[in-house]
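Secondary and tertiary structure notes
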Amino acid sequence: MATVIVVTSGKGGVGKTTTSASFATGLAQRGYRTVVIDFDVGLRNLDLIMGCERRVVYDFVNIINGEANLNQALIRDKRVENLHILPASQTRDKEALTKEGVERVLNDLRQSFEYIVCDSPAGIERGALMALYFADEALVVTNPEVSSVRDSDRILGILASRSRRAEQGDPPVKEHLVLARYAPERADRGDMLSVEDVLEILGIPLLGVIPESQTVLQSSNSGVPVILEDGSDAGVAYGDLVDRFLGKNLPHRFITPQKKGFLKRLFGGG
Amino acid sequence: MLLRSPGFAGENTAPFELKGSLFTLTVMHLFQLDRLAIERHLAEKVKKAPSFFNNTPVVIDLEGLTEPKNGMDGVDFNGLYELLRGHGMAPVGIRNGSPELQEVARRAGLPVLPESRSAGVARKPERAEPTPARNRLINHPVRSGQQIYASEGDLIVLGTVSAGAEVIADGNIHIYGALRGRALAGVKGDVETWIFCQSLEAELISIAGRYRISEQLDPADRGKAMQVHLVDDRLVIDHLTR
């Protein structure tokens, strides 16, 4: 039975697509047949982050409209086996996402995949609602910053009231918190909310803390999910996050400031 | 006689403008068309509360009306209109009823109002015993943007009320978690209602319309388990201790 996971946040620019890309890649690396769908119709980005933008022929909306079949639109990832990408349409708008159409596509994908990752657009309008409507689980991506946390709170309310599970009275969508762009030093100084602050406000289990990292920007620009960047903190953190999602009990890393050695402190390295 | 407006008729001098508005109207649920029976019942009502029947606008609801056996011939809305006028009521229209009945009413000059689902037609007045308070229990956090209303009772929240969320009750509000959003108790005007919460961090608290916003709360009370009620029309915030 396939699991549908929405990666959502409310606010834009917090790391939804970065998380979707790395999360889906991580699941596939661990042997699960995974597809990641870009729900951001009109603002297609996932293909760039995944580095497959030059192989897009058909897209999600084409399938919804019956203009192409799934096999024509699914892009197989060249680096990781078991991973497929379903890109969004850049020329349409979110109104093209009908509930019936999305459901049909998801049901088709359920036949061949174990995990279906839905990369939600920002906001709480149609695109975001469609991305979360059929979800079984949700990764709520938030930054340690008050407006991002409030928007995540809003999305959690929508998950609890307007998802299909909520409407049909099924067990609720399972919620996971992903705290991205976290800088322990700045949280310690009180410049940003701490992990505890965010957990206290949102009150959902913490799946992973992704440290603020230059590597994320670099890997986005080069079309490589950051989880594939060996040795980067953010990549390691996403690896842990995927393992935790799959049931491993791992301690959280990157949540306390790294002790700087004497020389580093002297020369201000970081 | 109409007053004539001065000659400089500009854009803002239209003689009238039309706007939608909502009114509270008395609805008369009509169950039969027997003129004598109606008149007798009406006279009784008027005797009980004469002041109520002082040009009171009334809508005649035909939903509970049994179809007259002998077709539409015996239906006399003109007569009904006169009868009601005579007892101090001002019929403004009808609603519900069969298309035939509506047609007759229309010919009698009574407009047909669009149907609105009124809560529980008073067809069985003998069952109108006082309803017990309808308390509402919410066993999940109330998130930003959500609004929860307990009408005619208390609201109990087993969790946090987030910033940007709103909990409203005709009765008391009990929050077994932090109150970071807005809480409005006694919104129908009950000044005896209370608000209780495990951690007061509210954006706004209100009882029967008397409110205080976050800025006006004592910083010393912040984050504490508190209870709020009205004393002499003033909000009093105390520690939740016995």
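Placed above this text is the structure.
It should be emphasised that the depicted structure is a prediction, and the values quoted were computed from it without experimental measurement.

Let us look at the overall build of chain B. When helices and strands are tallied, chain B shows 3 helices and 14 strands. Out of the 242 residues belonging to chain B, those deemed buried represent 38%. Considering only intrachain contacts with a sequence separation of at least 6, the fraction spanning at least 24 residues in chain B is 36%. Accessible surface, chain B: about 15400 Å² in total, of which carbon and sulfur atoms supply 53%.

A few words on the pairing of strand 2 (residues 34-38) of chain A. Residue and element names in this part refer to chain A. In terms of burial, strand 2 is a largely internal element, 5 of the 5 residues being buried. Side chains of strand 2 alternate between two faces, with Thr34, Val36 and Asp38 and Val35 and Ile37 buried alike. In this sheet, strand 4 (residues 83-86) lies alongside strand 2 in parallel orientation, the contact comprising 4 bridges. Pairing of Thr34 across the sheet is with Leu83, part of strand 4. As paired strands, strand 2 and strand 5 (residues 115-119) are joined by 5 bridges and run parallel to one another. Its bridge partner being in strand 5, Val36 is matched across the sheet by Val117.

Before going further, it helps to spend a moment on the layout of surface pockets. All names here are of chain A. When its volume is computed, the second largest pocket comes out at roughly 580 Å³. Looking at the second largest pocket, it is lined by 29 residues, and the ones nearest its centre are Gly13, Val14, Gly15, Lys16 and Thr18. Those elements that place two or more of their residues in the lining of the second largest pocket are helix 1 (16-29), helix 2 (46-49), strand 7 (174-182), strand 8 (206-211) and helix 11 (214-222). Counting residues per element, the lining of the second largest pocket draws most heavily on helix 11, which supplies 4 residues. In terms of residue class, the lining of the second largest pocket is built from 13 nonpolar, 10 polar and 6 charged.

Before going further, it helps to examine the interface of chain A and chain B. In this complex, chain A contributes 11 residues to the contact, which on the side of chain B involves 8 residues. Both sides together, the interface formed by chain A and chain B hides about 790 Å², and carbon and sulfur atoms give 37% of it. Of all residues in chain A, the largest losses of buried area upon contact with chain B belong to A:Arg150, A:Asp153 and A:Arg154, amounting jointly to 53% of the total for that side. The interface formed by chain A and chain B holds 3 salt bridges in total.

Basis of the calculations
- Residues numbered from 1 in each chain as written.
- Chains lettered and ligands numbered in written order.
- Predicted model: local features only at pLDDT ≥ 70, side-chain atom pairs only at ≥ 80, totals over all residues.
- Heavy atoms only, no water.
- Helix = DSSP H or I, 4+ residues; strand = E, 2+ residues; numbered from the N terminus.
- Buried < 20%, exposed > 50% of the residue type's maximum accessible area, 1.4 Å probe, protein only.
- Contact = heavy atoms within 4.5 Å.
- Areas by Shrake-Rupley, 256 points an atom, 1.4 Å probe, with all protein chains shown as cover.
- Pairing = 2+ DSSP bridges.
- 1 Å grid on protein atoms, 1.4 Å probe; cavity = no way out; pocket = protein on both sides within 12 Å on 5 of 7 lines; lining within 4 Å.
- Points joined across faces, edges and corners; volume = space filled by probe spheres on them.
- Nonpolar A, V, L, I, M, F, W, Y, C, P; charged D, E, K, R; others polar.
- Buried area = accessible area lost by both parts, 1.4 Å probe.
- Salt bridge = Lys/Arg side-chain N within 4 Å of Asp/Glu carboxyl O.

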